[in-house]
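Structure assessment
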Amino acid sequence: MQINLISVGTKMPSWVQQGYNEYAKRMPRECELVLREIAPGKRGKNADIARIVQDEGQRMLAAIRPGMHIVTLDVKGKGWSTADLSKAMKRWLESGQHVALLVGGPEGLADSVRKSCHESWSLSAMTLPHPLVRIVVAEQIYRAWSILKNHPYHR
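Keep in mind the model is a prediction, meaning the values are calculated, not measured.

At a minimum axis distance of 8 Å, the contact between helix α1 (residues 14-24) and helix α5 (residues 130-148) shows a crossing angle of 10°. By the angle between their axes, α1 is roughly parallel relative to α5. From α1, W15, V16, G19, Y20 and Y23 reach across to α5, where they touch P131, L132, R134, I135, A138, E139 and Y142. In the contact of α1 with α5, the residues fall into nine nonpolar, one polar and two charged.

Following this line, the structure appears as structure tokens:
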């Protein structure tokens, strides 16, 4: 299985890349974590934000391969504990499908993306900076995998 973190945003600070890479490289080949960056729309003083979000959503959906299990990361989603994520990961592994975890831009996800998902996960009721979300998701994916494998990291 491959878990694709499809996230709006490019040109992240080095600390974000280092944090994400630290956890992504720990994942085994059987459950590889891959980052796919989506270029954000240009935001300016008079930008049409609704159109920008819609365009970002189209590019996110285009990055999803047919048959993938789609999970949005959305404040409106269901809050999962690490144990819940581990159970979800077990389901994903058993299904044999690749997974797409979708993280929107500053204004969130396009409605078209929300409508296409199979599950919606909320990391927190708080608004988190998008660069930090990448690291938190990568760490939680690794932690959930470690629970499944009885690896000592999760303790």
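Read on, since the account is not over.
Grouped together as the largest cluster of nonpolar side chains are 27 residues, with contacts concentrated most on I3, M89, W92 and L101. Elements supplying a minimum of two residues to this core: β1 (2-8), α1, β3 (69-79), α3 (82-95), β4 (99-103) and α5. Tallying contributions element by element places α5 first for this core, with seven residues. With near-sequence residues (within four places) excluded, I3 lies in contact with C31, E32, L33, V34, M89, V99, L101 and I141. Ranked by size, the runner-up nonpolar core spans 13 residues in total, among them M60, I64, M68 and V113.

Moving on, we come to the layout of surface pockets. For the largest pocket, the calculated volume is near 380 Å³. Every residue lining the largest pocket is counted, 19 residues in all, and those nearest its centre are L73, D74, V75, L128 and H130. Those elements that place two or more of their residues in the lining of the largest pocket are β3 and α5. The element contributing the most residues to the lining of the largest pocket is β3, with three residues.

Here we take up the environment of Q18. With respect to the element layout, Q18 can be found in helix α1. Judged by its relative accessible area of 56%, Q18 falls in the exposed class. Residues Q18 and V136, 118 residues apart in the sequence, show an inter-C-alpha distance of 12 Å.

Another point: the pairing of strand β2 (residues 32-38). As paired strands, β1 and β2 are joined by seven bridges and run parallel to one another. When the bridges of β2 are listed, L5 appears paired with L35. For the segment spanning β1, α1 and β2, crossover handedness is right-handed.

A rise of 1.5 Å per residue sets the reference length of α3, with its 14 residues, at 20 Å; its end C-alpha atoms lie 20 Å apart and thus fit the reference within 8%. Those residues of α3 not exposed but buried are L85, S86, A88, M89 and W92. Each buried residue of α3 lies within a common arc of 160° when the element is viewed along its axis, so the set occupies one face. Projecting away from the buried face of α3 at angles above 90 degrees are the exposed residues K87 and E94. Packing partners of the buried residues in α3 comprise β1, β3, β4, β5 (119-122) and α5.

On to the sheet that holds β2, then. The sheet built from five strands is open, its strands ordered β2-β1-β4-β3-β5 with parallel pairing. Each edge of the open sheet is held by one strand with a lone partner, namely β2 and β5. Taken over all neighbouring pairs, the strand axes of this sheet differ in orientation by 30° on average, direction set aside.

Analysis parameters
Residues numbered from 1 in each chain as written. Predicted model: local features only at pLDDT ≥ 70, side-chain atom pairs only at ≥ 80, totals over all residues. Heavy atoms only, no water. Axes fitted to C-alpha atoms, helices over the stretch in contact; angles between N-to-C directions. Helix = DSSP H or I, 4+ residues; strand = E, 2+ residues; numbered from the N terminus. Parallel < 35°, antiparallel > 145°, perpendicular 65-115°, else oblique. Contact = heavy atoms within 4.5 Å. Nonpolar A, V, L, I, M, F, W, Y, C, P; charged D, E, K, R; others polar. Core = buried A, V, L, I, M, F, W, Y, C linked by side-chain atoms within 4.5 Å. Buried < 20%, exposed > 50% of the residue type's maximum accessible area, 1.4 Å probe, protein only. 1 Å grid on protein atoms, 1.4 Å probe; cavity = no way out; pocket = protein on both sides within 12 Å on 5 of 7 lines; lining within 4 Å. Points joined across faces, edges and corners; volume = space filled by probe spheres on them. Pairing = 2+ DSSP bridges. Right-handed = clockwise from strand over helix to strand, strands pointing away. Expected span 1.5 Å × (residues − 1). Arc of directions from axis to C-beta.

These figures capture arrangement, not role.
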